[in-house]
Amino acid sequence: MIVFDKLWETMKEKGVTTYKLREKGICSRTIKRLRTNGSVETKTLDKLCEVLDCKVEDIITRIKNIEDDD
C-alpha cells in the first residue's frame with residue numbers, strides 16, 4: 001500500500017498549502033484522494049514533485065500489506 005504521509009510533511013517543511021497545489025493544477029478531488037491514501041496517476045506524482053521541488057520518495061512510502069505475505 002502506498003501512503004502519502006511524507007507528502008504532508010514535505011509540504012509543511014516547504015510552506016506549500018493545498019491552496020497552492022490547486023493553483024498549480026492539482027484538483028480538489030485529487031487532494032482528497034491523497035489525504036485518504038487513494039490512487040493517483042504517475043503524472044500527479046510528477047506534478048507534486050515539480051511543485052515541491054523534491055523526489056518521489058519525499059512524498060510517498062510503500063507499506064507492506066498483510067496480503068503481501070501470501
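Residues numbered from 1 in each chain as written. Predicted model: local features only at pLDDT ≥ 70, side-chain atom pairs only at ≥ 80, totals over all residues. Heavy atoms only, no water.

Brief notes about the nonpolar core
Move 1: Counting residues in each nonpolar core, the largest one holds 17 residues, and the members touching the most others are F4, L7, L21, L48, L52 and I59.
Move 2: Counting residues per element, the ones that place at least two in this core are α1 (5–14), α3 (28–35) and α4 (42–52).
Move 3: Among the elements that line this core, the one with the most residues is α4, at five residues.
Move 4: The residues contacting F4, other than those within four sequence positions of it, are L34, N37, G38, V40, L45, I59 and I60. (Core = buried A, V, L, I, M, F, W, Y, C linked by side-chain atoms within 4.5 Å. Buried < 20%, exposed > 50% of the residue type's maximum accessible area, 1.4 Å probe, protein only. Helix = DSSP H or I, 4+ residues; strand = E, 2+ residues; numbered from the N terminus. Contact = heavy atoms within 4.5 Å.)

Focus on the pattern of salt bridges
Move 1: Under the defined criterion, the tally for this structure stands at two salt bridges.
Move 2: Of the charged contacts in the structure, one is a salt bridge between E41 and K43, with a shortest N-O distance of 3.6 Å.
Move 3: By relative accessible area, E41 is classed as partly exposed at 48%.
Move 4: Look at K43 and you get exposed, because its relative accessible area is 61%.
Move 5: Two residues, K47 and E50, come together in a salt bridge whose shortest N-O distance is 3.8 Å. Residue K47 and its partner E50 are located together in helix α4, separated by three residues, close to a single helical turn.
Move 6: Given a relative accessible area of 27%, K47 falls into the partly exposed group.
Move 7: By relative accessible area, which is 53% here, E50 ends up exposed. (Salt bridge = Lys/Arg side-chain N within 4 Å of Asp/Glu carboxyl O.)

Focus on the packing of aromatic side chains
Move 1: For the structure on display, the rule yields zero aromatic pairs.
Move 2: A cation over a ring is seen here: R35 above W8, with NZ or CZ 4.5 Å from the ring centre. (Phe/Tyr/Trp six-rings, centres within 6.5 Å; stacked < 30°, edge-to-face > 60°. Lys NZ or Arg CZ within 6 Å of the ring centre and 35° of its normal.)

Some remarks on unusual backbone geometry
Move 1: In this structure, N37 takes a positive phi of about 55° despite not being glycine.
Move 2: Here N37 falls in the partly exposed class, since its relative accessible area comes to 26%.
Move 3: The backbone of D53 sits at a positive phi, close to 50°, despite the residue not being glycine.
Move 4: Topologically, D53 is positioned in the loop between α4 and β2 (61–62).
Move 5: Accessibility expressed as a relative area gives 64% for D53, which makes it exposed.

Note that every value here comes from positions in space, so none of it alone points to a role or purpose.
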